[in-house]
Amino acid sequence: MENGAVKIGVMGAGKISGIYLQNGAAFDDLEIVACADLLVERAEEQAREYGVPKACSPGELLADPEVEVVLNLTVPAVHAEVSLAALEAGKHVYTEKPLAVGREDGLRMLEVATERGLLIGCAPDTFLGGGLQTCRKVMDEGIIGEPVATTAVMMTHGPEDWHPNPDFFYQPGAGPMFDMGPYYLTALTTLLGPVRRVTGSARATFPERRITSQPLSGTTITVNTPTHVAGVMDFEGGAVGTLVTSFDVWSEEHSRIDIYGTEGTLSVPDPNTFGGPVRVWRSGEDSWTDVPLTHPYTRDSRGLGLADMAQALRSGRKHRASGELGGHVLDVIHAFLDSSENGRHVEVKSAFERPEPLPAGEKVFGGTA
């Protein structure tokens, strides 16, 4: 394959597109050549602000022979539809999380990509940031011994006080597990390996939510998906994990993620961020020790996974934020909800190859992001 930056077409010009467009311009491996949206004027606005040479409709983007990779930033409900259309058009795909809403749609995406010799990448890529890569190094070096268990907690009172259009967070395919669960599950599975079995319970506490953010302040949302999900995961490696995600909690004081080993405990930073802090409590000690971050990319570096996939396209190596990883995370999310609905353990059938860690100390993706 030819050398040089990979040409990216951005599909979706909503709120999340800004950080991707900003960072995309900073990575030497990426060249953003077009931005598309159903509302073409919104694509035009983002193109002007971030110096993208072309704004167009979704159909025009898919037909553009210059575009090699479609960066799918549409709402989750159409992730699969847009990604499949891009694959059918011969484009590689990198999609915002989750990979899809339906488990079968995610599988179909992976099948089509394989059939056509195309790559799928999937956010989140926060596990490539300096904080979680430092945690990976701590784990790989055996500093806390053999993993025994983990706890992970994400509890808020939902996005209706800050997001300009929060309705979709309370529809099927969203809620706290689909929206925030991928950050936690991606961090945990890249540190501990695949999940083999899940037990879960879920509920929707408030049937309606009142929006307090602008411009829809005062309007109400009908809740159509679970908003508090809790459960237990059995990892293939033997560790037992507990995960709670909630939009029903006014305040909490829990650690985001702790991993407990036979020789100590690792305190993992918020997996929705790229930095620290990282702390360790070793056996025989009586306090936490701060671990200096061993890897770069500690600010908001969304697009790291896309830059890594671009390098993989040019070199032929495997990319780290892979569709298989995103598919496994989607499978685990469904397992939590299926377990709650059916009142039983759910075996997780998907798997993925644990991605290689990034090398310590240096930026491997050119540019300043």
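Everything that follows concerns the structure shown earlier in this document.
Keep in mind that this is a model prediction, so the values were computed, not measured.

**With respect to the overall build of the protein**
Part 1 of the reasoning: Along the protein, the regular secondary structure elements total ten helices and 17 strands.
Part 2 of the reasoning: Taking 2.2 N^0.38 as the reference for a compact globule, 369 residues should give roughly 21 Å; the C-alpha atoms of the protein span a radius of gyration of 20 Å, in line with that estimate.
Part 3 of the reasoning: The buried share among the 369 residues of the protein stands at 56%.
Part 4 of the reasoning: The contacts of the protein with a sequence gap of at least 6 include a subset with a gap of at least 24, amounting to 72%.

**Description of the nonpolar core**
Part 1 of the reasoning: Formed by 103 residues in total, the largest nonpolar core has its most connected members in Tyr94, Leu185, Met233, Ile259, Leu266 and Phe336.
Part 2 of the reasoning: A total of eight residues in this core trace back to one element, the largest contributor, which is helix H10 (residues 323–342).
Part 3 of the reasoning: Apart from the residues lying within four places of it in its own chain, the contact partners of leucine 185 are Met177, Met233, Leu243, Val329, Val332, Ile333 and Phe336.

**A look at the sheet that holds strand E2 (residues 30–36)**
Part 1 of the reasoning: Reading across the sheet, the six strands line up as E3-E2-E1-E4-E5-E6 and stay open at both edges, with parallel pairing between neighbours. The sheet is open, and its two edges are formed by strand E3 (55–56) and strand E6 (120–122), each paired on a single side.
Part 2 of the reasoning: For strand E1 (residues 6–11) and E2, the ladder comprises six bridges, and the chain directions are parallel. Note that in E2 the partner of valine 10 across the bridge is cysteine 35.
Part 3 of the reasoning: Sitting on the sheet, helix H9 (residues 304–315) is in contact with E1, E2, strand E4 (69–72), strand E5 (92–95) and E6, with an inclination near 160° to E5.

**Structural notes on the layout of surface pockets**
Part 1 of the reasoning: A volume near 450 Å³ is recorded for the second largest pocket.
Part 2 of the reasoning: Lining the second largest pocket are 19 residues, and of these Leu119, Lys318, His319, Ser322 and Glu324 lie nearest its centre.
Part 3 of the reasoning: Mapped by element, the contributors of at least two residues to the lining of the second largest pocket are helix H5 (103–116) and H10.
Part 4 of the reasoning: Among the elements that line the lining of the second largest pocket, the one with the most residues is H5, at three residues.

**Section: the packing of aromatic side chains**
Part 1 of the reasoning: Throughout the structure, instances matching the rule amount to five aromatic pairs.
Part 2 of the reasoning: Taken together, the ring pairs in this structure connect Trp162, Phe168 and Phe169 into an aromatic cluster.
Part 3 of the reasoning: When the ring centre of tryptophan 288 is taken as origin, the NZ or CZ atom of arginine 279, which lies over that ring, is 4.5 Å away.

**So, the sheet that holds strand E17 (residues 346–347)**
Part 1 of the reasoning: What the nine strands build is an open sheet, ordered E16-E15-E14-E13-E7-E12-E11-E8-E17; its pairing is mixed. Pairing within the sheet leaves two strands with one partner each, and these edge strands are strand E16 (289–290) and E17.
Part 2 of the reasoning: By the bridge criterion, two bridges tie strand E8 (residues 195–203) to E17 in an arrangement that is antiparallel. Looking at the pairing, valine 198 lines up with valine 346 of E17.
Part 3 of the reasoning: Contacts from helix H8 (residues 181–192) reach strand E7 (147–155), E8, strand E11 (228–235), strand E12 (240–246), strand E13 (257–261) and strand E14 (264–268), with the element oriented near 165° to E7.
Part 4 of the reasoning: Against the sheet, H10 engages E8, E11, E12 and E17, with an angle of about 50° to E8.

Conventions adopted
- Residues numbered from 1 in each chain as written.
- Predicted model: local features only at pLDDT ≥ 70, side-chain atom pairs only at ≥ 80, totals over all residues.
- Heavy atoms only, no water.
- Helix = DSSP H or I, 4+ residues; strand = E, 2+ residues; numbered from the N terminus.
- Rg over C-alpha atoms; globule rule 2.2 N^0.38 Å.
- Buried < 20%, exposed > 50% of the residue type's maximum accessible area, 1.4 Å probe, protein only.
- Contact = heavy atoms within 4.5 Å.
- Core = buried A, V, L, I, M, F, W, Y, C linked by side-chain atoms within 4.5 Å.
- Pairing = 2+ DSSP bridges.
- Axes fitted to C-alpha atoms, helices over the stretch in contact; angles between N-to-C directions.
- 1 Å grid on protein atoms, 1.4 Å probe; cavity = no way out; pocket = protein on both sides within 12 Å on 5 of 7 lines; lining within 4 Å.
- Points joined across faces, edges and corners; volume = space filled by probe spheres on them.
- Phe/Tyr/Trp six-rings, centres within 6.5 Å; stacked < 30°, edge-to-face > 60°.
- Lys NZ or Arg CZ within 6 Å of the ring centre and 35° of its normal.

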